[in-house]
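# Chain and residue survey
Spelled out from the first residue to the last, the chains are:
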Amino acid sequence: MWLSLGDGASSISWALASVIAGRLMVRTSYRLAAVIGGISLVVGCVMLAALEPARGLAWATTGSFVIGIGMGFCITAFVVSIQASVDWNQRGVATSSFMFMRIVGQSVGAAVFGAVLNFDLYRHAPEAGDLVNRLLNPGLRRSLGTAELASLSDAIASSLHPVFVLACVAAAVTLVLAWALPAALSPTRSLAGGKAQS
């Protein structure tokens, strides 16, 4: 359930942050928008890395909301800066290349995070097997005993921790890359200090 709420929270904050980032970039720079996004990603990932059952649903949802803000700021800053760095006749290629690499990154990231989660889950509960699928299915969950539910929940919580730590590392790398963007660049200013093409 908290995964659904987390997805909803990050989707909402991502959309709102994209709008705010677009307005901010015009007045300041790509770097400021990207750095705000990078900081938000780090904060959100640290919140999820610190997630414990006692912290509850609000903590997880807030962490996802903050990550959505980071994605909104970063993605907007990166895609607009890429589009502005090429001629008009190359913008379609530049944008599609960015989107393609983003999809590749998401696929590789999902595979790596999934592998880390499954490896750690097997390490904590080698007997879990198909019980995890039953735990995540509301209909089949009722067939599990109280002891099984508690044991599996603890194993999944423990296994998610290294995934969130790995996400913290990725967020930190994003922040470093965001900070490397030229400070003078914005939708209204080129790298040379002149006016950007409109």
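Higher on the page you've got the structure.
Residues numbered from 1 in each chain as written. Predicted model: local features only at pLDDT ≥ 70, side-chain atom pairs only at ≥ 80, totals over all residues. Heavy atoms only, no water.

## Points about the overall build of the protein
- When helices and strands are tallied, the protein shows 7 helices and 0 strands.
- Residues counted as buried form 31% of the 198 residues belonging to the protein.
- Contacts in the protein between residues far apart in sequence, at least 24 positions, make up 70% of those at least 6 positions apart. (Helix = DSSP H or I, 4+ residues; strand = E, 2+ residues; numbered from the N terminus. Buried < 20%, exposed > 50% of the residue type's maximum accessible area, 1.4 Å probe, protein only. Contact = heavy atoms within 4.5 Å.)

## Re the environment of Thr-61
- Within the element layout of this structure, Thr-61 appears in helix 3 (residues 56-84).
- Taking the C-alpha atoms as reference, Thr-61 lies 9.8 Å from Gly-44; in sequence the two are 17 residues apart.

## Some points on the side chain of Ser-29
- Positionally, Ser-29 belongs in the loop between helix 1 (2-27) and helix 2 (30-49).
- Polar side-chain contacts of Ser-29 include one of 3.2 Å to the backbone nitrogen of Leu-32.
- The contact partners of Ser-29, leaving out residues within four places of it in the chain, are Leu-24, Ala-183, Leu-185, Ser-186 and Arg-189. (Polar contact = N/O pair within 3.5 Å; in protein donor to acceptor, adjacent residues only side chain to side chain.)

## Thoughts on the environment of Leu-117
- Turning to its location among the elements, Leu-117 is positioned in helix 4 (residues 91-124).
- Separated by 47 residues in sequence, Leu-117 and Phe-164 place their C-alpha atoms 9.8 Å apart.
- Setting aside its immediate chain neighbours within four residues, Leu-117 contacts Ser-159, Leu-160 and Val-163.

## Observations regarding the packing of aromatic side chains
- For the structure shown, the criterion picks out 0 aromatic pairs.
- The aromatic ring of Trp-59 is capped on one face by Arg-55, whose charged end is 4.4 Å from the ring centroid. (Phe/Tyr/Trp six-rings, centres within 6.5 Å; stacked < 30°, edge-to-face > 60°. Lys NZ or Arg CZ within 6 Å of the ring centre and 35° of its normal.)

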